[in-house]
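# Coordinate analysis (summary)
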Amino acid sequence: MTLDPIHVENIAQLAYGIGDDVDATDHDDLAERVWREWLPELRREGRVVIEALGDHERRRAPIDNVALAERPFETVHGLDSGTINPTTFKNGLVVDVAHAAMASSPTDLDLHRDRTIVATVHAGDSTAGFDSEWTRRDEGHTRQRVFHVPRVNRYAERVVHALALYLAEGTHALDHADRVDDLLVLDGPIYPKELFTWADRDPELGALAREAKPRAVIEQYVRLVERFVERDVPLAGFVKNPASGTAVRALARAGVESPWPDDTALFTRLLERRDPDDGSAGSDASDDRGARLDDDLTFTTWFRSRGGADAPMAADGDALGVERGLDPELYEPTFMVVYDPRTDVTYKLESPYAFTRDAATRDRLTRQVVAEVAATRGPPEPVAKADELARISATEKAALRRKFEERLGSDQQATYDDLRWGKADF
């Protein structure tokens, strides 16, 4: 133990000092103003970045009732990809491995057996070449390949991780698109947004995103949207940890001093309900606005998004050079937000405008995700199943890294954190 009781008390006193300077009521008033005056059509430098799609409302549904409600979609498929995380070896190679799986509800064991595996490799030696063609294993149930990523001076770990994750997920989704009859929900956004943010992080990364190999990964998702539009089957993405800052940045540019660090914090403030008759902070209250009410799920109607990481797929974006076969407007990301007061967690459901332009489809997607969150206290069941299938445990990651050490004839590049946190114990 490193802290004595007096140290804990002293740190708590700092929190009291911070809390005394924050007026939660002012934040509520500002959030309401943002909802009424800004979010129906939020602009940044004259360009609409968030726009209400249809009704502009906040809604709520009794948790116990909606959890038992009939689902609008008879069968739902989920898809996820997991990785071993980037690993640097002493011979200069940086490697990651991604493993994608699709799940269904009701369960389809034959489908669950199918996997797509991608190993991405970055080499400091520009003369090295590691690319391989797709091969089949496990009686055809596994499709795998090695993907040599473009060389970068920095961010090699970020590059191998993102390209492995998205190439495995996009390929698996396309290969199994025809297995989906009613709805496919990706675990995460509908597009590879990590690649879309590269230009904002570093000029070298921004240039890399437009090279042939990263562009081919992005193209997988564009073709996925087109395939599902052609089949008239909705495609969505359930984002468990939304990280967008489009709204708060646009508000800041417009002169609104936002107290929220990101859009998730803003929407949480808008959707959280407190008991107005309970002015004292209770065990489930984070401020003096009264105890949190947890009998209803709260959620928004839908928005179109054209800012931040969504800008490349907007109608006036260029999709980082990927050709789009449909009206560019149909690829635009749209979203709704749902808040679960039982866990104090906010989720986002995304879908291309090609599907949500239809009010009936928006309603079905909303009812589906609200019912699933109410029933599971978390992600929809097919998404949770896919996450379980695709996840690589810490023990498995360590074993796979040892296999790579053997095959490459080179040890991992160890760090002090490996020693401190016991990675070598696995």
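Residues numbered from 1 in each chain as written. Predicted model: local features only at pLDDT ≥ 70, side-chain atom pairs only at ≥ 80, totals over all residues. Heavy atoms only, no water.

### Here's the deal with helix α14 (residues 381–390)
Which entries qualify depends on this criterion: Think of it in three bands: with a 1.4 Å probe and only protein chains considered, a residue is buried below 20% of the maximum accessible area for its type, exposed above 50%, and partly exposed in between. Strands are runs of DSSP state E lasting at least 2 residues, helices are runs of H or I lasting at least 4, and numbering of each runs from the N terminus. Within this analysis, the arc is defined by the directions that extend from the helix axis to the C-beta atoms. Here, residues are in contact when the closest pair of their heavy atoms is within 4.5 Å.
Looking at α14, one finds that the buried residues are P382, V383, A386, D387 and A390. Each buried residue of α14 lies within a common arc of 140° when the element is viewed along its axis, so the set occupies one face. For α14, the secondary structure elements touched by its buried residues are β3 (76–83), β5 (94–105), β9 (184–187), β10 (235–239) and α13 (359–376).

### Overview of the packing of aromatic side chains
The geometry of an aromatic ring pair is captured by the separation of the ring centres together with the interplanar angle, meaning the angle of the planes. The following threshold applies: Aromatic pairs are defined between Phe, Tyr and Trp rings, using the six-membered ring for Trp, whenever the two ring centres lie within 6.5 Å; interplanar angles under 30 degrees are classed as stacked, those over 60 as edge-to-face, and all others as tilted.
In the structure shown here, the tally under the stated rule is six aromatic pairs. Relative to Y221, the ring of Y166 lies with its centre 6.1 Å away and its plane at 85°, an arrangement referred to as edge-to-face. Of the two residues, Y166 sits in helix α5 (residues 156–175) while Y221 sits in helix α9 (residues 212–231), which places them 55 residues apart along the sequence. Since its relative accessible area comes to 11%, Y166 is described here as buried. Given a relative accessible area of 0%, Y221 falls into the buried group. Ring geometry for F267 against F335: centres 6.1 Å apart, planes inclined by 85°, an arrangement best described as edge-to-face. Of this pair, F267 sits in helix α11 (residues 263–271) while F335 sits in strand β12 (residues 333–340), and the two are 68 residues apart along the sequence. You'll find F267 and F335 in the same group, each marked buried. Following the ring pairs from residue to residue traces out a cluster consisting of W35, F267, F303 and F335.

### Details of a nonpolar patch on the surface
Convention followed: Note that patches include only residues with greater than 30% relative accessible area and no salt bridge, and the join distances are 9 Å for like charges and 5 Å for nonpolar side chains (Val, Leu, Ile, Met, Phe, Trp, Tyr). Values of accessible area rely on a 1.4 Å probe in the Shrake-Rupley scheme; residue burial ignores everything except the protein chains shown. Note on definitions: salt bridges are taken to be side-chain nitrogens of Lys or Arg within 4 Å of carboxyl oxygens of Asp or Glu.
A cluster of nonpolar side chains, namely L3, V8 and I11, defines an oily patch on the protein surface of about 240 Å² accessible area. Examined against the element boundaries, L3 turns out to sit in the segment before α1 (5–19).

### Focus on the environment of P40
With respect to the secondary-structure elements, P40 resides in the loop between α2 (24–38) and β1 (41–44). Residues P40 and H176 lie 136 residues apart in sequence; the distance between their C-alpha atoms is 37 Å. Not counting residues within four places of it along the chain, the set of residues in contact with P40 comprises W35, I50, E51, A52 and H56.

### Quick look at the side chain of D80
The following threshold applies: In this charge count, Lys and Arg are treated as positive and Asp and Glu as negative; neither His nor the chain ends contribute.
Mapped onto the elements, D80 comes out in strand β3. This buried residue, D80, is left without a salt bridge; K240 holds the nearest opposite charge, at 5.2 Å. Excluding residues that lie within four positions of it along the chain, D80 makes contacts with H99, A100, A101, E169, D187, A386, D387 and A390.

### Topic: the layout of surface pockets
Heads up, the condition is: Whether a set of points on the 1 Å grid over the protein atoms alone is a cavity depends on a 1.4 Å probe fitting there but being unable to get out, while an open set qualifies as a pocket with protein on both sides within 12 Å along at least five of seven lines; lining residues are those with an atom within 4 Å of a point. Grid points are joined across faces, edges and corners, and a volume is the space filled by probe spheres set on the points. Think of it as three bins: nonpolar holds Ala, Val, Leu, Ile, Met, Phe, Trp, Tyr, Cys and Pro, charged holds Asp, Glu, Lys and Arg, and polar takes everything else, Gly as well.
Counted as a void, the largest pocket has a volume near 1,100 Å³. Taken together, 40 residues form the lining of the largest pocket, with Y166, P189, K193, E194 and N241 sitting closest to its centre. Tallied by class, the residues present in the lining of the largest pocket amount to 10 nonpolar, 14 polar and 16 charged.

### With respect to the pairing of strand β11 (residues 296–305)
To keep things clear, this is the line we draw: Any two strands are treated as partners once DSSP identifies two or more bridges connecting them.
A large share of β11 lies buried, amounting to 10 of its 10 residues. Sheet topology note: the strand β2 (residues 47–62)/β11 ladder contains nine bridges and is antiparallel. Looking at β11, one finds that E51 is bridged to R304. Where β11 lies against β12, four bridges are found, and the strand directions are antiparallel. Residue R304 lies in a different strand from β12, and its bridge partner there is T334.

### Quick word on empty space enclosed by the protein
Applying the stated criterion to the full structure yields two cavities of 30 Å³ or more. Put simply, the largest cavity is a space of about 120 Å³. Contributing to the lining of the largest cavity are 14 residues, with S244, D263, F267, F335 and K348 lying nearest its centre. Among the elements of the structure, α11, β12 and β13 (345–352) are those that each provide at least two residues to the lining of the largest cavity. Class assignment for the residues of the lining of the largest cavity results in six nonpolar, five polar and three charged. Size it by volume and the second largest cavity reaches roughly 70 Å³. If you trace the second largest cavity, you find it lined by V76, L183, V185, A236, L349, L365, Q368, V369, E372 and P380. Broken down by element, the lining of the second largest cavity gets its largest block of residues, four residues, from α13. Here the lining of the second largest cavity is composed, by residue class, of eight nonpolar, one polar and one charged.

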